Amino acid sequence: MSQQIGEYRDTPFILTSRPEGYRKAPLQGNVLELEVQPFTREQRNRFIQDWYLCRKKQDYKNKVDLGVRDSAKRQADNLIAQITASASLKVMARNPLLLIMIAITHENTRSLSTKRVDLYKEICQVLLEKRRRAKELPISLSAEQKLIVLRSLALKLMEENTQAFTLDESSPRDKTFKQAKALIQEKLATIPNQTLSPEEFIKKDDQGVRELLSEREQEEIYEFAHKTFQEYLAAVAITKFNQQQKEKLLQKVFADEKTLSWWRETIRFYAAQTDASEIIAVALKNATVPVLTLAYQCGQEAEQITQAVQKQLKAKFEEGLNSEVLDEFSLAAKVKLAYRLNHLNHDLIESSSETESFNAIDSSYITYAEYQLFLNETSSPTTLANKRQAQQPITNISFWNANRFCAWLSLRTRKELGEPGICYKPATQTERQQCRCEEDQEYADKGGIRLVRFQVPEKYAQLAYYLAAGQWKEADEETHKVMLEVAGREKQGYLEVEDIQQFPCEDLRIIDQLWVQYSNGRFGFSVQKKIYLEEGGKLEGNFRRLRWEKVIAHLVIAPLTGLYARIRGRVKNDEYSAWERFGDRIGWRVNNDWISTNQVVYDTLALYTLALSGHLPSGSVGVRGYGGGGGVAAGLRILIFSRVETCKV
C-alpha cells in the first residue's frame, strides 16, 4: 500500500485496519492516522436507544408511534441499567462491536450476566441458537454442536498464532490457517445425523456462525468478529484438556513474554471457568513480572483457588513490595492499589442523569507503596527507601500533593472503567466523621490520604483534573470554556447578561464546588461573593437597571478610565469603592491599578504565600479580551455573584 500511495500521490487513499495488524505494518510517509475511540457513556446510551428504536421499527414494518417509541425506550433503559450496574459490562460496552452483541443478547434474554466469561457464553448461545428458536425458525445444529467445531477452530488459531483462516487450502496468503476446512470437516463428522459441509457451516446464514465471524469476501479470509471471542472459545476448549495437556500448555505460555502476551486473555477466560490454583502455582514458579501480573488477574477472576495457593500468592505480593527490583515493586504496588480501587468502586452505579453523582469513601488510608507508585509514574522511578513502611499509611502529605495524587488516580480509573466523570479527592474532616474507619484516630491529623470518590458530568471531567493537579491557569481557561458551552456561546466567545441571569444552577454549583474543594476553600465564585459582601458590595442593586448587554456585546474594551466613565456615573460611589476594596483584597488590584491578564497569579506557592484567597477564577472568565477585574469583568462578576446567591451555591 505504501508503494501505491507513493505512485498515485494525487489520489486519496482511505484504509481501515485492526489496530494490532496496523501496528505490525504501519504505513510509511505523510499519512494521517486516526483510531476509533471507545464509546463514552453518552455515546453508548444513545447507541442503545437508537438501536432498540430501529429494532422496534423493523418489528412493526417501519411504523413509528408513541407505543413503538415507548416499547423501545423501556427495553433500552433496562439494558442501560444493567450495563451501568456492572463494571465488567461497562468496560465491554465501550467497544461498539461488543455492544451490538450485548444488545442482541439482551433483546433475547432480557437479563445479562455480570461476569465476563458468562456473558460471552450467553452471546454465543443467543447467536448460535436462541435467536432462531425465539423466531421459531428451523435449527439444524444446536449451539452446543456448533461450539464443538468453533472452540476447536479457535484453539487451533491460538496455537497457530493467528486470527485468520481460510477454507482454501491452496491460498497464498501468509499468517493464515489453511487447514480449517479439514478441521471443521473432522469435527462435523462427530455430530450424528448432520450433512453440512465446512462451507455450509461457515457461510450459511441460518447457522448463526457468520455473526461470530468477519469475512474479507474477495479473499475468502475469515476471522472471529472480535479477538476476545476466539480467546473465549479457545479457553472453553482448554477446559476439556486432561492434566498432561494443561501442564504442557501452561509451560508453553509462561516460557517467554511474547507467547504470554498472545495467550493472556485466553488464560484469564480459562481461569474464570475453573479452579485456577494450578495456573497460579505454575506462574509462581516462573515468576517474571508479566507472569505474576497474569497470576494476580487470575487470582481475582478465578472460579476458585485453594487456600494454600492464596497464601503463596499473598506472600509473593508482600515480597514484591519489599523488592529492590523496580519492576517487581511497581507490580506489587499496582496490585495493592487495584485491590483498593476494586473495593472502593465495587458499588459504582452510574446515574442516567448527568448531574447526579454517587459518592463513596475509602475504608483505609493510602500507603507508602501506593504513593510511591504515583511518584514513580510522575517523576523519577525508584523503590521505597524504607521497605518496612510499604503497607503503612503515608503521612505528612500536603493538601496540594494529596490533590495531585487524586488527579493521577482519577485518570487511571477513568481509563480502566471507561467512566470519564470519575474523580477522587481527600476526605474532609466532616466526611471522615460521617464514615469513620480504624485508622482515622492515628492518621487523620498526620497528613494522611483517605479517598472520596465522586462523579461529575463528562464535560466537567477535565476541569476537575486541572484543579486537582493544581494547574490553575488551565483550570481558569477550562472554566471559561465550559461556561460558554453551557450557555451556548462558544462561537461568540463571551457571556451576555441574560446568559448569567439564566445560567443553570446545577452547572454553577458543580463548577464552584470543584474550585472550592480542590483549593481547600480558597477559590471559587462563592468564595469571591463572600469577600465582596464583606467589603460592602451589593448583589445587582443599581446594576439591575443598567443595559449591560449593550456594554458587553458592542463595546471594544477601552482603556479602564474610559470604561469607568461610562458606568461610574450610574453606580453609587460606595458600591464602586466596595468593588475596588474587593479587588485589592483578592489581588486583582495592585497599587490602585487593575491587573492585566498576564498578571493573574497561577503559581500555587505564590497564591499561598501571598494569601490571595478569592484570586481565582480570574476576571477573564466569561469576558472577551480582558483578564483583570475592572470594567466589563466587574459587571459580569457581580452578576455571577447574584446568580450564586439565587442558586444558593
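Each remark here, short or long, concerns the structure printed above.
Not measured: the values here are computed from a predicted model.

A closer look at the packing of helix α25 (residues 505–518) against helix α26 (residues 525–534)
Thought 1: It is at 7 Å that the axes of α25 and α26 come closest, and there the two elements cross at 85°. Here α26 runs roughly perpendicular to α25, going by the angle between their axes. Contacts from Leu 508, Ile 511, Asp 512 and Val 516 of α25 reach α26 at Phe 525, Ser 526 and Val 527.
Thought 2: Of the residues assigned to the contact of α25 with α26, the class counts are five nonpolar, one polar and one charged.

Overview of the pattern of salt bridges
Thought 1: The final tally for this structure, using the stated rule, is 34 salt bridges.
Thought 2: Here Arg 116 makes a salt bridge to Glu 265, at a shortest N to O gap of 3.2 Å. With Arg 116 in helix α7 (residues 116–134) and Glu 265 in helix α13 (residues 257–271), this residue pair connects regions lying 149 residues apart in the sequence.
Thought 3: On the accessibility criterion, Arg 116 (22% relative accessible area) is partly exposed.
Thought 4: With its nearest N and O atoms 2.6 Å apart, the salt bridge here joins Glu 534 to Lys 530. Taken together, the residues span about one helical turn, with Glu 534 and Lys 530 both in helix α26 at a distance of four residues.
Thought 5: One network of salt bridges, in which partners are shared, links Lys 530, Glu 534, Glu 535, Arg 581 and Arg 585.

What to know about the sheet that holds strand β1 (residues 164–166)
Thought 1: Strand order in the open sheet formed by four strands is β2-β1-β4-β3, and the pairing between neighbours is mixed. The outermost strands of the open sheet, each flanked by one partner alone, are β2 (176–177) and β3 (213–216).
Thought 2: Summarising the sheet, β3 and strand β4 (residues 221–224) pair through four bridges and their orientation is antiparallel. Directly across from Ser 214, in β4, lies its bridge partner Glu 223.

Regarding the state of the cysteines
Note on terminology: a disulfide is the covalent bond linking the sulfur atoms of two cysteines.
Thought 1: By the definition in use, this model includes one disulfide.
Thought 2: Free cysteine Cys 406: the closest other cysteine sulfur is in Cys 423, separated by 9.8 Å.

Some thoughts on the side chain of Gln 194
Thought 1: Within the element layout of this structure, Gln 194 appears in the loop between α9 (180–188) and α10 (198–203).
Thought 2: Within the structure, the side chain of Gln 194 is placed 2.9 Å from the backbone oxygen of Leu 188, a separation counted as a polar contact.
Thought 3: What Gln 194 contacts, discounting residues up to four positions off in sequence, is Leu 141, Leu 188 and Ala 189.

A look at the packing of aromatic side chains
Thought 1: Enumeration over the complete set of coordinates arrives at 29 aromatic pairs.
Thought 2: Between Phe 165 and Tyr 222, the ring centres sit 5.6 Å apart and the planes meet at 25°, which makes this aromatic pair stacked. Taken together, the residues span a long stretch of sequence, with Phe 165 in strand β1 and Tyr 222 in strand β4 at a distance of 57 residues. For the pair Phe 165 and Tyr 222, one class covers both residues: buried.
Thought 3: Judged by centre distance (6.5 Å) and plane angle (75°), the ring pair of Phe 317 and Tyr 339 falls under edge-to-face. Within this pair, whereas Phe 317 is found in helix α16 (residues 307–321), its partner Tyr 339 is found in helix α17 (residues 326–345), the two being separated by 22 residues in sequence.
Thought 4: Take Phe 317: its relative accessible area is 9%, and that puts it in the buried class.
Thought 5: Each member of the aromatic cluster is reached from another via a ring pair, and the members are Tyr 532, Trp 579, Phe 582, Trp 588, Trp 594 and Phe 641.
Thought 6: Against the face of Phe 269 rests Arg 116, its NZ or CZ located 4.1 Å from the ring centre.

Overview of the pairing of strand β7 (residues 451–455)
Thought 1: Across the five residues of β7, five count as buried, placing the element largely inside the fold.
Thought 2: Residues Leu 451, Arg 453 and Gln 455 of β7 are buried on one face, and the alternating residues Val 452 and Phe 454, pointing to the opposite face, are buried as well.
Thought 3: By the bridge criterion, five bridges tie strand β6 (residues 422–426) to β7 in an arrangement that is antiparallel. Residue pairing for β7: Pro 426 is matched across the bridge by Leu 451.

Section: helix α6 (residues 96–109)
Thought 1: Helix length check: α6 (14 residues) gives 20 Å between terminal C-alpha atoms against 20 Å at 1.5 Å per residue, within 8%.
Thought 2: When we look at burial in α6, the residues that qualify are Leu 98, Leu 99, Met 101, Ile 102, Ala 103, Ile 104, Thr 105, His 106 and Glu 107.
Thought 3: Where α6 starts, the residue carrying a side-chain oxygen 2.9 Å from the main-chain nitrogen of Leu 97 turns out to be Asn 95.

Conventions used here
- Residues numbered from 1 in each chain as written.
- Predicted model: local features only at pLDDT ≥ 70, side-chain atom pairs only at ≥ 80, totals over all residues.
- Heavy atoms only, no water.
- Axes fitted to C-alpha atoms, helices over the stretch in contact; angles between N-to-C directions.
- Helix = DSSP H or I, 4+ residues; strand = E, 2+ residues; numbered from the N terminus.
- Parallel < 35°, antiparallel > 145°, perpendicular 65-115°, else oblique.
- Contact = heavy atoms within 4.5 Å.
- Nonpolar A, V, L, I, M, F, W, Y, C, P; charged D, E, K, R; others polar.
- Salt bridge = Lys/Arg side-chain N within 4 Å of Asp/Glu carboxyl O.
- Buried < 20%, exposed > 50% of the residue type's maximum accessible area, 1.4 Å probe, protein only.
- Pairing = 2+ DSSP bridges.
- Disulfide = S-S within 2.5 Å.
- Polar contact = N/O pair within 3.5 Å; in protein donor to acceptor, adjacent residues only side chain to side chain.
- Phe/Tyr/Trp six-rings, centres within 6.5 Å; stacked < 30°, edge-to-face > 60°.
- Lys NZ or Arg CZ within 6 Å of the ring centre and 35° of its normal.
- Expected span 1.5 Å × (residues − 1).

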